[in-house]
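Coordinates in review
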Amino acid sequence: MKKIKKSKQKSASQAVVVQPIHLPVVTELPRPKIAWKRFFMASFLFILDIFVWTYVFFRLFEIYNNYYLSRPVHIALPQQHKENVVAKIGNEEISLDEVKAFVAEVPQLAEVPFEQVYPNILEMMINDKVIANGAKRHGVINDPKIKKMIQMASDQIIAQAYLAREMEKALTEADVRAAYDEEVKNFKPEEEVHARHILVLTEKQAQDLLIQLKAGADFGLLADQKSIDKNAPQGDLGYFTREMMIPEFAESVFAMKKGELSGPVHTAYGWHIIQVEDRRPTQPPAFDQVREQMQRIAVEKKIPEILAAERARQKVEIIRPTLVERPAEPV
């Protein structure tokens, strides 16, 4: 019992003293006032800053585009021959057009297929270029005589080009027509014959054909069957003048009348049976058939006019008109 009381007293003496807690008192603070002037100024400066940097950006982009992107871009690509280039001598090129132009200047090559003459002409042009380059390298071009020859050749080329240009301006359709009318006026008609023939190798074959024709056989059908001249369908030779045929044939044909049938006529080609279809005087060709020829004639007539006009514009003085030596005057 005593123990219990003692313990109770001890517990009471050792009791924990709790201090009171002072909590902070929350009070409502007053709201700050907004500075509207400063807000609007800051907003204005922000927007202005955006406009300034946008302008600067686009201005720099424009400068970049004008200076860098507009410059030609040089890309090192492997050298490739153009389709029209057919040969190269160092850095010099020969084009297919140049080869064609060279061939066109040679009348003798007009009838030869271009593919046939192309290799030889190309080789010749290459050789000419190689030799010319060698001559330049050795100073041949500085020779006074060579310079004179080059000048003369240059003058001829320039003169031809000038004449061609002036002729294109001066030559009219009326000039070409006038040339044609002049040719028609001076035209002398000749007699021409329209005939057919059957050509065989022996006189006996010709006699057999003549018998069949007199018996009523068709000339054209018989010519297609028996004639060895396959260039004349149904034996038709068309119209021709005396000068167009070999003498033996022409003598027989031009002695025949229209519709007449000849006996066997011997020539170097064999034996002929001839039938005359028509006889008539020759007519001048139509203008369209000879237009190019008439244009050349008109050009030949126009050149003296152009030359006379140029001589009149320039001072021409002939120092020595002839090389004939004057006879010595008697003393």
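Calculation rules
- Residues numbered from 1 in each chain as written.
- Predicted model: local features only at pLDDT ≥ 70, side-chain atom pairs only at ≥ 80, totals over all residues.
- Heavy atoms only, no water.
- Pairing = 2+ DSSP bridges.
- Helix = DSSP H or I, 4+ residues; strand = E, 2+ residues; numbered from the N terminus.
- Axes fitted to C-alpha atoms, helices over the stretch in contact; angles between N-to-C directions.
- Contact = heavy atoms within 4.5 Å.
- Phe/Tyr/Trp six-rings, centres within 6.5 Å; stacked < 30°, edge-to-face > 60°.
- Buried < 20%, exposed > 50% of the residue type's maximum accessible area, 1.4 Å probe, protein only.
- Lys NZ or Arg CZ within 6 Å of the ring centre and 35° of its normal.
- Polar contact = N/O pair within 3.5 Å; in protein donor to acceptor, adjacent residues only side chain to side chain.
- Salt bridge = Lys/Arg side-chain N within 4 Å of Asp/Glu carboxyl O.
- Expected span 1.5 Å × (residues − 1).
- Arc of directions from axis to C-beta.

Pairing within the open sheet is antiparallel, and its 4 strands lie in the order β4-β3-β6-β5. With one partner strand each, in any of the chains shown, β4 (236-241) and β5 (265-267) form the two edges of the open sheet. Across the sheet, the axes of successive neighbouring strands diverge by a mean angle of 45 degrees, strand direction being ignored. Sheet strands touched by helix α7 (residues 203-214): β3 (191-200) and β6 (270-281). Its angle to β6, the strand with the most contacts, is close to 50 degrees. Sheet strands in contact with helix α8 (residues 219-226) are β3 and β6, and its direction is about 50 degrees off that of β3.

Bringing the packing of aromatic side chains into the picture now. Enumeration according to the criterion identifies 4 aromatic pairs in this entry. Between F114 and Y118, the aromatic rings sit 5.8 Å apart at their centres with planes inclined by 50 degrees, giving tilted as the arrangement. Of this pair, F114 and Y118 both sit in helix α4 (residues 114-137), separated by 4 residues, roughly a single helical turn. Overall, the relative accessible area of 22% leaves Y118 in the partly exposed class. Ring centres 5.3 Å apart and planes at 80 degrees place the aromatic pair Y180 and F287 in the edge-to-face group. With Y180 in helix α6 (residues 173-185) and F287 in the loop between β6 and α10 (291-313), this pair connects stretches of sequence that are 107 residues apart. Each member of the pair, Y180 together with F287, is buried. Taken together, the ring pairs connect F240, F249 and F254 into an aromatic cluster. The ring of F287 has R177 lying over it, and the distance from NZ or CZ to the ring centre is 3.8 Å.

The next thing to look at is the side chain of H272. In this structure, H272 sits in strand β6. Residue classification places H272 among the buried positions, given a relative accessible area of 4%. In this structure the side chain of H272 is engaged in a polar contact, spanning 2.7 Å, whose partner is the side chain of T267. Setting aside residues up to four positions removed in sequence, H272 forms contacts with H197, I198, L199, F249, S262, G263, P264, V265 and T267.

Turning our attention to the pattern of salt bridges. In this structure the tally under the stated criterion is 12 salt bridges. With its nearest N and O atoms 3.4 Å apart, the salt bridge here joins E92 to K129. Separated by 37 residues along the polypeptide, E92 in strand β2 (residues 92-95) and K129 in helix α4 bring together distant segments of the chain. E92 sits in the partly exposed class, given a relative accessible area of 30%. Given a relative accessible area of 29%, K129 falls into the partly exposed group. Ionic pairing is found between E191 and R279, a salt bridge with its closest N-O pair at 2.8 Å. Taken together, the residues E191 in strand β3 and R279 in strand β6 connect sequence positions 88 residues apart. Using a relative accessible area of 24% as the deciding quantity, one classes R279 as partly exposed.

Our focus in this paragraph is α7. The terminal C-alpha atoms of α7, which comprises 12 residues, lie 17 Å apart, in line with the 16 Å expected from a rise of 1.5 Å per residue. Here α7 has its buried residues at A206, L209, L210 and L213. When α7 is viewed along its axis, its buried side chains cluster within an angular range of 105 degrees and face the same direction. Counted as exposed and oriented over 90 degrees from the buried face of α7: K204 and I211. Looking at the buried positions of α7, the neighbouring elements they touch are β3, α8 and β6. G216 lies just past α7 and shows a positive phi near 110 degrees.

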